[in-house]
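Observations on chain architecture
Take a look at the letters that make up each chain.
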Amino acid sequence: MDEKNRQTDSFLSSQKALEGKLNDMLNELTDTESERYLRVKSQKESYTEHAEIVMYRYTNGSGRLFGGALLQMIDTIGAICARRHAGTEVTTVAIDNLSFKAPANLNSTILLVAQVVSVGRTSMKVVVKTYVEELNGHRDEINVANMTFVALDRFGLPTPVPRLLEQEAAKS
């Protein structure tokens, strides 16, 4: 009988310890979310650039950058920018606008620039501009994409993001 009581006591003790750990984790998560929303970050803190040479694998039959390849690059750099601002994982919710202004040809250098332009409680608007950069450094804008991302917590649920300094300044 003593052995069975010891096992029961051990089980109850383990269960209480596990419940305590879970409560600590939940409190930590809640504190982290609250702290994140109280923070204010500037656009500079999440500004992201990426350069790429247009290779054959990115081109269509006419030797120009395939729109789908550019869309993948835009989504990736937009997500990196949003993650830098949020400090968490993010998911793409929408691409409100994707305007192709000019082509990029095989062997062109393209430059993608992403910047958070506004935030909500859990969402961020990110603008990604794409340029063709000539060898002399001159840049021509060929694409603009307006995107919305939502920050996710470790359970995959929407979570608050830091406020945006420039947006806060515009309110005052």
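Here the structure is shown first, and the text comes after it.
The shown structure was predicted, so the numbers you read here are calculated from the model rather than taken from an experiment. (Residues numbered from 1 in each chain as written. Predicted model: local features only at pLDDT ≥ 70, side-chain atom pairs only at ≥ 80, totals over all residues. Heavy atoms only, no water.)

Considerations on the overall build of the chain
Put simply, the rule reads: Working definition: helices are DSSP H or I runs of at least four residues, strands are E runs of at least two. Numbering for both runs from the N terminus. In this treatment the radius of gyration is a C-alpha quantity, and the globule benchmark scales as 2.2 Å times the residue count to the 0.38 power. Three exposure classes are used, based on accessible area relative to the maximum for each residue type with a 1.4 Å probe and protein chains only: buried under 20%, partly exposed in between, and exposed over 50%. Note on contacts: a residue pair qualifies if any of its non-hydrogen atoms lie within 4.5 Å across the two residues. Calculation of accessible area relied on Shrake-Rupley with a 1.4 Å probe; when residues are assessed, cover is drawn exclusively from the protein chains displayed. Working convention for charge: Lys and Arg count positive, Asp and Glu count negative, and His plus the chain ends are omitted. To locate a charge, the coordinates of NZ of Lys, CZ of Arg, CG of Asp or CD of Glu are taken.
Scanning the chain from terminus to terminus reveals three helices and seven strands. The helix and strand sequence of the chain, counted from the amino end, reads α-β-β-α-β-β-β-β-β-α. Against the 2.2 N^0.38 benchmark of 16 Å for 172 residues, the chain shows a C-alpha radius of gyration of 23 Å, more extended than a compact globule. Referenced to the eigenvectors of the C-alpha coordinate spread, the extents of the chain come out at roughly 85 × 45 × 25 Å. Per-residue burial for the chain yields a buried fraction of 34% across its 172 residues. For the chain, the proportion of contacts with a sequence separation of at least 24, taken over those separated by at least 6, is 71%. For the chain, the exposed surface amounts to about 10,600 Å²; the carbon and sulfur share of it is 52%. The average position of the 20 basic charges and that of the 22 acidic charges among the side chains of the chain differ by 2 Å.

Focus on the pairing of strand β4 (residues 109-119)
What counts, and what does not: Two strands qualify as a pair provided that DSSP identifies no fewer than 2 bridges between them.
Alignment of strand β2 (residues 48-53) against β4, held across six bridges, turns out to be antiparallel. Residue E49 lies in a different strand from β4, and its bridge partner there is V113. Both β4 and strand β5 (residues 123-133) contribute to a ladder of 10 bridges, which runs antiparallel. Bridging from a neighbouring strand, T109 pairs with E133 of β5.

Quick look at the sheet that holds strand β3 (residues 89-100)
Condition: Axis definition: a line fitted to C-alpha atoms, over the contacting stretch in the case of helices. Angles run 0 to 180 degrees between N-to-C directions.
Spatial ordering of the open sheet is given by β2-β4-β5-β6-β3, a layout of five strands whose pairing is antiparallel. Each edge of the open sheet carries a strand with a single partner, namely β2 and β3. Strand after strand, the sheet turns through a mean of 25° between neighbouring axes, direction not considered. Contacting β2, β3, β4, β5 and β6 (139-152), helix α2 (residues 67-86) runs over the sheet at an angle of about 45° to β4.

Side note on the nonpolar core
Note the cut-off: The set of buried Ala, Val, Leu, Ile, Met, Phe, Trp, Tyr and Cys residues whose side-chain atoms join them within 4.5 Å is what this entry labels a nonpolar core.
Among the nonpolar cores identified, the biggest contains 30 residues, and L65, I110, L112, M124, V126, V128 and F149 are the most heavily contacted of them. Ranked by residues supplied to this core, first place goes to α2 with nine residues. Apart from residues lying up to four places away in sequence, I110 is in contact with H50, A51, E52, V54, L65, L70, M73, A104, T130, Y131, V132 and I142.

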